[in-house]
Every structure is written in C-alpha cells, then in structure tokens.
Amino acid sequence: MARGKIQIKRIENQTNRQVTYSKRRNGLFKKANELTVLCDAKVSIIMISSTGKLHEFISPSVTTKQLFDLYQKTVGVDLWNSHYEKMQEQLRKLKDVNRNLQREIRQRMGESLNDLNYEQLEELNENVDNSLKLIRERKYKVIGNQIETYKKKVRNVEEIHRNLLLEFDARQEDPYGLVEQEGDYNSVLGFPNGGPRILALRLQPNHQPNHHLHSGGGSDITTFALA
C-alpha cells in the first residue's frame, strides 16, 4: 500500500518535529555514506537542529579543512582571508585598550605626567578623587558590617554572662536545692498530700551537729522538726 504524500511545511508539534528531524537526518547521512562508497565522492554535511544541536558527516577520506580548501580552490574564493583580517583588527583594538589602561595606571601612580596638559591633569585629579571616594565608601561599609557582627557577638556573650549570674545567685540562696519555683518542703521530702514537717539536711564531714539535734548513729543525715 503506497503511503500518502506528505505536505512539505513546518511541523508545529515539537515532539513530531524532533522525531522527523532525527529520522531524515539519519537517512541523509546514509545517502551521503553511499555516495562516498559507491562513487568515491567527498561529501560533507553540517546540520544544526532547532534546539541548537550540531550534527555533521564527512567522508572518511578527507578532513573538514581539506574539503574547505578544495572548495576555495574550485570556486576561486578565499574564505579565510576576510576572517583573518577581522581577527587582526580585533587584536589591534585590544592592544590599544591594553595600552591605554596601562598608561592610566601609571598616571594614577604619579608617572608619565609630562605629556599631559592642564585640562588632562585636572581630569586625572578628579578621577583620582572619585576613586578615593569610592574606596572610602566601600571601606566604611566593610568596617560597619564588621562592627555590627562584633556587637552581636558581645550581646550574646553578655546574655550568657547574665544567665550564669542568675544561676549562681539562685544556688547561693538555696544551697541545698530544696526550694525550686516556690515548691513546699513536703513535696521535696515525698509527702505530696501533706505530712510531718520534717527537714532532712546532709552535713559536710567537717561540720558536727548541735547537741540538741537528734542524729542517727553512723549517718551523716540530721533530721529535726520545723516550727
């Protein structure tokens, strides 16, 4: 069954367009290879897709440069001469820019000033003043950022110091750790529902209890009733 004739126009669907490009590119490269083998022809094909991808084919018996040289010889044109002249012109412009920049650097350092007239010296002086102004602004900005950073560090250290002082004062007021957040002694001693108001304290080894306190034998725990 014969295929219907395809209308030659741009394929709007991007996926279909890419598939058609890939198939026809492979077919074209296949025909170019057949021409190379069957007819001993020198064939070169350069293709760039709509997505910017480069595809090329060249006969194995020749390089791209050789083929372009053969084209120039056959047609009688020089493809490289105009390109070389453009490159030379671009190189001259870059050399001029580099030379001017080096001269400006020397002048800003106080050198090569003999060839300048009064107006040029005034302009140079103004440029130097503007440059110094920009440098000062950037320097002050950097210093300001550093100062803010150091202030934040100092505030953090002061906050830590205040918290340590509060913790130290709390321990001084309650050295035995019995009172915490206004809790009662019964809760501390394990009497949540109330009980005898008895306080137990652990004495240091170098402290001896008074004679009126009742102490258990062989223990460093002293208990006495609270009033």
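Since we're looking at a predicted model, the values are computed, not measured.

About the thresholds
- Residues numbered from 1 in each chain as written.
- Predicted model: local features only at pLDDT ≥ 70, side-chain atom pairs only at ≥ 80, totals over all residues.
- Heavy atoms only, no water.
- Helix = DSSP H or I, 4+ residues; strand = E, 2+ residues; numbered from the N terminus.
- Expected span 1.5 Å × (residues − 1).
- pLDDT = per-residue confidence, 0-100.
- Contact = heavy atoms within 4.5 Å.
- 1 Å grid on protein atoms, 1.4 Å probe; cavity = no way out; pocket = protein on both sides within 12 Å on 5 of 7 lines; lining within 4 Å.
- Points joined across faces, edges and corners; volume = space filled by probe spheres on them.
- Nonpolar A, V, L, I, M, F, W, Y, C, P; charged D, E, K, R; others polar.
- Patch = residues over 30% accessible without salt bridge, like charges linked within 9 Å, V, L, I, M, F, W, Y side chains within 5 Å.
- Areas by Shrake-Rupley, 256 points an atom, 1.4 Å probe, with all protein chains shown as cover.
- Salt bridge = Lys/Arg side-chain N within 4 Å of Asp/Glu carboxyl O.
- Buried < 20%, exposed > 50% of the residue type's maximum accessible area, 1.4 Å probe, protein only.
- Pairing = 2+ DSSP bridges.
- Lys, Arg positive; Asp, Glu negative; His and termini not counted.
- Polar contact = N/O pair within 3.5 Å; in protein donor to acceptor, adjacent residues only side chain to side chain.

Colleague: Describe helix H3 (residues 79-108), listing the residues and the values that go with them.
Modeller: The end-to-end C-alpha distance of H3 is 45 Å, a good match for the 44 Å that 30 residues give at a rise of 1.5 Å each. Just downstream of H3, Gly-110 is the residue with a positive phi angle, here 90 degrees.

Colleague: Got a sec to walk through the confidence of the model for the protein? Specific residues and values, please.
Modeller: Across the protein, the average pLDDT comes to 79, with 74% of residues at 70 or higher. Predicted confidence for residues 185-189 stays below pLDDT 50, and this span has 14 contacts to residues more than four positions away or in other chains. In the predicted structure, residues 211-219 sits below a pLDDT of 50 and forms 7 contacts with residues beyond four places in sequence or in another chain.

Colleague: Account for the layout of surface pockets, with residues named and values stated.
Modeller: Within this model, the largest pocket holds a volume of roughly 380 Å³. Taken together, 13 residues make up the lining of the largest pocket; nearest its centre are Ile-6, Lys-9, Ile-11, Thr-20 and Arg-24. By residue class, the composition of the lining of the largest pocket is 5 nonpolar, 2 polar and 6 charged. Of the voids in this model, the second largest pocket is the one considered here, and its volume is about 190 Å³. Taken together, Arg-103, Glu-104, Gln-107, Arg-108, Leu-116, Gln-120, Glu-123, Leu-124 and Asn-127 make up the lining of the second largest pocket. Every element with two or more residues in the lining of the second largest pocket is listed here: H3 and helix H4 (118-173). Its residues placed into classes, the lining of the second largest pocket shows 2 nonpolar, 3 polar and 4 charged.

Colleague: Summarise unusual backbone geometry; cite the residues concerned and give the values.
Modeller: Residues other than glycine seldom take positive phi values, yet Asp-40 does so here, at roughly 55 degrees. When you line up the elements, Asp-40 lands in the loop between helix H1 (14-39) and strand S1 (44-48).

Colleague: Before we move on, could you go through a nonpolar patch on the surface and cite the residues and values that matter?
Modeller: Residues Ile-46, Ile-48, Leu-54, Phe-68, Tyr-71, Val-75, Val-77, Leu-79 and Trp-80 make up a contiguous nonpolar surface patch of about 850 Å² in total accessible area. Looking at the nonpolar patch, the elements that each hand over two or more residues are S1, helix H2 (64-75) and H3.

Colleague: Which residues make up the pairing of S1, and what values do they have?
Modeller: Residues Ile-45 and Met-47 point to one face of S1 and are all buried, whereas Ser-44, Ile-46 and Ile-48, pointing to the other face, are not buried. Sheet topology note: the S1/strand S2 (residues 54-58) ladder contains 5 bridges and is antiparallel. When the bridges of S2 are listed, Ser-44 appears paired with Ile-58.

Colleague: Outline the pattern of salt bridges, supporting the account with residue identities and numerical values.
Modeller: According to the stated counting rule, one finds 7 salt bridges in the structure shown. Salt-bridge contacts for Lys-31 lead to Glu-34; the nearest nitrogen and oxygen are separated by 3.9 Å. You can see Lys-31 and its partner Glu-34 sitting in helix H1, 3 residues apart, about one turn around the helix. Residues Arg-92 and Glu-89 are paired through a salt bridge, measuring 2.4 Å at the closest nitrogen-oxygen approach. You can see Arg-92 and its partner Glu-89 sitting in helix H3, 3 residues apart, about one turn around the helix.

Colleague: An account of the environment of Ser-61 is requested, with residue identities and associated values reported.
Modeller: Following the sequence through the fold, Ser-61 ends up in the loop between S2 and H2. Linking Ser-61 and Thr-36, residues 25 residues apart in sequence, is a C-alpha distance of 8.8 Å. Leaving out residues up to four positions away in the same chain, Ser-61 has contacts with Lys-42 and Gln-66.

Colleague: A description of the side chain of Arg-17 should follow, citing residues and the corresponding values.
Modeller: By the element assignment, Arg-17 lies in helix H1. One buried charged residue, Arg-17, forms no salt bridge at all, with the nearest opposite charge on Glu-12 at 5.5 Å. Here Ile-11 takes part through its backbone oxygen, which lies 2.6 Å from a polar atom of the side chain of Arg-17. Sequence-distant contacts of Arg-17, defined by excluding residues within four places in its chain, comprise Arg-10, Ile-11, Glu-12 and Ser-50.

Colleague: So what's going on with the side chain of Gln-107? Residues and values would help.
Modeller: The topology assignment puts Gln-107 in helix H3. Using a relative accessible area of 11% as the deciding quantity, one classes Gln-107 as buried. Dropping the residues within four chain positions of it, Gln-107 is found in contact with Ser-112, Leu-113, Leu-116 and Leu-124.

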